[in-house]
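Now for the letters of each chain:
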Amino acid sequence: MSKQEQILILDPPNDLKFKGPFTDVVTTNLKLKNPSERKVCFKVKTTAPRRYCVRPNSGVIEPGSSVTVSVMLQPFDYDPNEKSKHKFMVQTIFAPPNVSDLEAVWKDAKPDDLMDSKLRCIFELPSENDKVNDIDSNKAAPVLNASKQDGSSVPKPSSASLDDTEMRKLMEECKRLQSEVMKFADENRQLKDEGLRMRKVARSDNIVSNPGGVMGRDHGSNSLPSLLVVIAAIFIGFFLGKFIL
């Protein structure tokens, strides 16, 4: 067992894997375990500090304890020729009995007391099947959100009772309007019947008055010849009396 392994155990031991397409932050965890009986100071370094965010990047590990370090790869345009430039190194040293200033510990450390563990960065690009699955999951997400929205839009029991009350009011108003419409229809029908009756009476009055006029005209026409006969008889009697006298 090497000196480094006695001080610190790394998980994963050799590689830090990051899965693409690297359009968003990709996080990988690194577990540091101290199997010794002394406190261990650690510091995490990288050859591409602008591309990574490491939390925590330094600290102290108690005997028999472990610390999980989150290594967050920032979004970038993947270049296969650049992958060999990304490397990490975990530097460790036994902490002094009374450690208060970590910077002083690292500043005063001798090269023989420092122990390093190197890690490679491996970038995995998604396969075609993974891309199809991602597309399907992205399509399914809006459907799930829509179903959640539909579920949230379902009215509560109190609102449902309010809707029932409003519905009953609307039904009552509808019935009232229907009764008024029927009432107006009855009045309109009565007015129509009254108009028809008035027209029938007027028509019958005209029929009754017209025969009287015809009979008057016939009587006048019949009395005219009688009058002429009387006048003619008067004239004849007058002339005959004149001649006789």
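From a predicted model like this one, the values you see are computed outputs, not experimental measurements.

On the surface, Met 167, Leu 170 and Met 171 cluster together to form a nonpolar patch covering roughly 320 Å² of accessible area. Looking at where Met 171 falls in the secondary structure, it is placed in helix 4 (residues 157–244).

Right, let's get into the packing of aromatic side chains. Tallied over the entire structure, the rule returns eight aromatic pairs. What links up through ring pairs into an aromatic cluster is the set Phe 18, Phe 22, Tyr 52, Phe 76, Tyr 78, Phe 88 and Phe 123. Just above the ring of Phe 94 sits the side chain of Arg 38; from NZ or CZ to the centre is 4.4 Å.

Here Gln 91 shows up in strand 8 (residues 87–94). Spatially, the C-alpha atom of Gln 91 lies 8.7 Å from that of Lys 118, the residues being 27 residues apart in sequence. With residues near it in sequence (within four places) discarded, Gln 91 still touches Cys 41, Phe 42, Lys 43, Lys 45, Trp 106, Leu 114, Met 115 and Asp 116. Side-chain polar atoms of Gln 91 contact the side chain of Asp 116, separated by 3.4 Å.

Averaged over the protein chain, the pLDDT score is 76; the fraction of residues at 70 or greater is 68%. Taken together, the stretch residues 154–160 has pLDDT below 50 and engages in one contact with residues farther than four places along the chain or on a different chain.

Let us look at the nonpolar core. One finds Phe 18, Leu 32, Tyr 52, Val 69, Leu 73, Phe 88 and Phe 123 to be the most contacted residues of the largest nonpolar core, which totals 27 residues. When residues of this core are traced back to their parent elements, those giving at least two are strand 2 (15–19), strand 3 (26–33), strand 4 (40–46), strand 5 (52–55), strand 7 (66–73), strand 8 and strand 9 (115–124). In contact with Leu 32, other than residues within four places in its own chain, are Leu 8, Ile 9, Leu 10, Phe 42, Ile 61, Ser 65, Ser 66, Val 67, Val 69 and Val 90. If you look at the next biggest cluster of nonpolar residues, it comprises six residues, including Cys 41, Ile 93, Trp 106 and Ala 109.

A cis geometry characterises the amide bond from Asp 11 onward to Pro 12, with omega recorded as 5°. Look at the link from Gly 20 to Pro 21: it is a cis peptide, with omega at 20°. Mapping Pro 21 onto the fold places it in the loop between strand 2 and strand 3. Unusually for a residue other than glycine, Phe 22 sits at a positive phi of about 65°. By the element assignment, Phe 22 lies in the loop between strand 2 and strand 3.

In spatial order, the strands read 1-3-7-5; together these four strands make up an open sheet with antiparallel pairing. Each having just a single partner strand, strand 1 (9–11) and strand 5 make up the two edges of the open sheet. On average, each strand axis in the sheet is inclined to that of its neighbour by 20°, with strand direction left out of account. One ladder, built from eight bridges, connects strand 3 with strand 7; its direction is antiparallel.

On to the pattern of salt bridges, then. For the coordinates displayed, the defined rule picks out four salt bridges. Residue Glu 62 pairs with Lys 39 through a salt bridge whose shortest N-O separation is 3.8 Å. A residue pair is termed long-range when its members are at least 10 positions apart, and Glu 62 in the loop between strand 6 (58–61) and strand 7 and Lys 39 in the loop between strand 3 and strand 4 qualify at 23 residues. Judged by its relative accessible area of 38%, Glu 62 falls in the partly exposed class. Between Glu 194 and Arg 197 there is a salt bridge whose closest N-O contact spans 2.4 Å. One end of the pair is Glu 194 and the other is Arg 197, both in helix 4 and three residues apart, which spans about a single turn. Given a relative accessible area of 44%, Arg 197 falls into the partly exposed group.

On to the pairing of strand 9. Alternating positions in strand 9 separate cleanly, Met 115, Ser 117, Leu 119, Cys 121 and Phe 123 being buried on one face and Asp 116, Lys 118, Arg 120, Ile 122 and Glu 124 remaining unburied on the opposite face. As defined by bridge partners, strand 2 adjoins strand 9 across five bridges and the pair is classed as parallel. Within strand 9, the residue paired with Asp 15 across the bridge is Arg 120. Relative to strand 9, strand 8 runs antiparallel, the two being bridged by six bridges. In the strand pairing of strand 9, Thr 92 is matched with Met 115.

Criteria and thresholds
- All residue numbers refer to position in the chain's written sequence, counted from 1.
- Note on the predicted model: pLDDT of at least 70 is required for a residue's local features to be given, and 80 or more for side-chain atom pairs to be given and counted; whole-chain, interface and lining totals, by contrast, use all residues.
- Hydrogens and waters are ignored; side-chain quantities use all the structure's heavy atoms.
- Patches here: salt-bridge-free residues with over 30% relative accessible area, like charges joined within 9 Å, nonpolar side chains (Val, Leu, Ile, Met, Phe, Trp, Tyr) joined within 5 Å.
- Here the Shrake-Rupley method, with its probe set to 1.4 Å, supplies the accessible areas, and only the displayed protein chains count as covering residues.
- Within this document, salt bridges are pairs made up of a side-chain nitrogen of Lys or Arg and a carboxyl oxygen of Asp or Glu, the two lying within 4 Å of each other.
- Only runs of H or I of at least four residues qualify as helices and only runs of E of at least two qualify as strands under DSSP, and these elements are numbered from the N terminus.
- Planes of paired rings set the category: under 30 degrees apart is stacked, over 60 is edge-to-face and the rest tilted, where pairs are Phe, Tyr or Trp rings (Trp by its six-membered ring) whose centres lie within 6.5 Å.
- In our convention, an over-ring charge means Lys NZ or Arg CZ found within 6 Å of a ring centre and within 35 degrees of that ring's normal.
- Note on definitions: a residue-residue contact is assigned when non-hydrogen atoms from the two residues lie within 4.5 Å.
- Contacts described as polar in this section are N or O atom pairs within 3.5 Å, which, within protein, must combine one atom able to donate a hydrogen with one able to accept it, while residues neighboring in sequence count only if both atoms come from side chains.
- Think of pLDDT as the predictor's per-residue confidence, scored from 0 to 100.
- Put simply, buried Ala, Val, Leu, Ile, Met, Phe, Trp, Tyr and Cys residues joined by side-chain atoms within 4.5 Å make one nonpolar core.
- Exposed residues in this analysis have more than 50% of their type's maximum accessible area, buried residues have under 20%, and partly exposed residues fall in between, with area computed by a 1.4 Å probe over protein chains only.
- DSSP-based pairing: two strands are paired if at least 2 bridges between them are found.
- Comment: axis = line fitted to C-alpha atoms, over the contacting stretch for helices; angle = value between 0 and 180 degrees taken between N-to-C directions.

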